[in-house]
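# A look at the structure
Each chain, written out:
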Amino acid sequence: MSKSRLEAFTDGVMAIIVTILVLEIPEPKGTTFGALWPLRYKLILYLLSFLTVTVYWNNHHHLFQITETISGGVLWANNFFLLTISVMPIATAWAGSHTEYAAPEATMGIVFLAVNISFYILVRTLLAAHEPDSVFTEFFGKGSRKSWFSMGMALLGIILAFIWPPFSAIFLFWLFSSLDRAGSPGRPLFKQAVKSVSPIRKGCVR
């Protein structure tokens, strides 16, 4: 199986997740702009979840741009990542309906942490599938402080939910809108890495 099938499957799942997220927002009950006010928390959390899914989609795309080898472990790590991120619509809907309670807000934070961990596992599994001198290892194998930092901040957001529930969503919004876990495609180093991946080895499965 080529990596294009894995990417296509991931794209399809993420597209469904985004669709479910917006379907969880009910129709406003009224004909004025004031009818949107009761939905403010649902809209804010939808924006947060949509942003998170798109950030991870971007990072997943960047990740596989320079992936040369896919192992069976990579397939399962990618499935685990999709499992965690597919729970986001449920957590978002629950938190949006009960913003004054700690448990729903903390649950959303737990889902965000789980997604973060699963993506980290995916990166580590891809590193294990590549040779030490590969382009992928050269680009993504240098430290993981940003990943550990984002996981720590997500954990802090969960704790803050028990102090003031809405603060958890605000904190997570800031966190996921400011972090780029897989590198920027605009950097010259990343562009050079993409060009150096051999078309012959690209996407092979072992």
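Residues numbered from 1 in each chain as written. Predicted model: local features only at pLDDT ≥ 70, side-chain atom pairs only at ≥ 80, totals over all residues. Heavy atoms only, no water.

## What to know about the overall build of the protein chain
Within the protein chain one finds nine helices and two strands. Listing every helix and strand of the protein chain by position from the N terminus yields α-α-β-α-α-α-α-α-α-α-β. Going through the 206 residues of the protein chain one by one, you find that 47% of them count as buried. Contacts in the protein chain between residues far apart in sequence, at least 24 positions, make up 80% of those at least 6 positions apart. Total accessible area computed for the protein chain in this model is approximately 10,800 Å², and 68% of it derives from carbon and sulfur atoms. (Helix = DSSP H or I, 4+ residues; strand = E, 2+ residues; numbered from the N terminus. Buried < 20%, exposed > 50% of the residue type's maximum accessible area, 1.4 Å probe, protein only. Contact = heavy atoms within 4.5 Å. Areas by Shrake-Rupley, 256 points an atom, 1.4 Å probe, with all protein chains shown as cover.)

## Side note on the packing of aromatic side chains
If you walk through the whole model with that rule in mind, you get four aromatic pairs. The structure contains a cluster of three or more aromatic residues connected by ring pairs, namely Y56, F81 and F119. (Phe/Tyr/Trp six-rings, centres within 6.5 Å; stacked < 30°, edge-to-face > 60°.)

## What to know about helix α5 (residues 102-129)
The terminal C-alpha atoms of α5 lie 40 Å apart, and with 28 residues this matches the ideal 40 Å at 1.5 Å per residue to within 8%. Of all 28 residues that make up α5, 20 are buried, and the element is covered over most of its length. (Expected span 1.5 Å × (residues − 1).)

## Brief notes about the side chain of T137
Here T137 shows up in helix α6 (residues 135-140). Reaching out from T137, the side chain makes a polar contact with the backbone oxygen of E131 at a distance of 2.9 Å. (Polar contact = N/O pair within 3.5 Å; in protein donor to acceptor, adjacent residues only side chain to side chain.)

## Focus: the environment of Y101
Looking at the secondary structure, you find Y101 in the loop between α4 (88-97) and α5. When its relative accessible area of 48% is taken as the criterion, Y101 is described as partly exposed. A C-alpha to C-alpha distance of 8.6 Å links Y101 and W164, two positions 63 residues apart in sequence.

## What about the packing of α5 against helix α7 (residues 145-160)?
Where α5 meets α7, the closest approach of the two axes is 8 Å, and the angle between their N-to-C directions is 165°. It follows from the interaxial angle that α5 and α7 lie roughly antiparallel. For the pair α5 and α7, the sense of crossing is left-handed. Of α7, the residues touching α5 (which contributes A106, G109, I110, L113, N116, I117 and Y120) are S147, W148, S150, M151, A154, L155 and I158. When the residues that make up the contact of α5 with α7 are grouped by side-chain class, the tally is 10 nonpolar, four polar and no charged. (Axes fitted to C-alpha atoms, helices over the stretch in contact; angles between N-to-C directions. Parallel < 35°, antiparallel > 145°, perpendicular 65-115°, else oblique. Left-handed = near helix turned anticlockwise from the far one by under 90°. Nonpolar A, V, L, I, M, F, W, Y, C, P; charged D, E, K, R; others polar.)

## Description of the nonpolar core
Counting 36 residues, the largest nonpolar core has L63, F64, V74, F81, I85 and L122 as its most contacted members. Looking at this core, the elements with two or more residues in it are α1 (3-23), α2 (40-65), α3 (72-86), α4, α5 and α6. With 10 residues, the top contributor of residues to this core is α5. (Core = buried A, V, L, I, M, F, W, Y, C linked by side-chain atoms within 4.5 Å.)

## Description of a nonpolar patch on the surface
On the surface, F80, L83, I117 and I121 cluster together into a nonpolar patch covering about 320 Å² of accessible area. Looking at where F80 falls in the secondary structure, it is placed in helix α3. For F80, a relative accessible area of 35% puts it in the partly exposed group. (Patch = residues over 30% accessible without salt bridge, like charges linked within 9 Å, V, L, I, M, F, W, Y side chains within 5 Å. Salt bridge = Lys/Arg side-chain N within 4 Å of Asp/Glu carboxyl O.)

## Some words on the confidence of the model for the protein chain
Summing up the model confidence of the protein chain, the mean pLDDT is 81 and the portion of residues at 70 or higher is 79%. Averaged pLDDT values for the elements of the protein chain fall to 50 in strand β2 (residues 204-205) and rise to 95 in α3. Confidence over residues 198-203 falls short of pLDDT 50; this stretch has 11 contacts with residues more than four positions distant or in other chains. (pLDDT = per-residue confidence, 0-100.)

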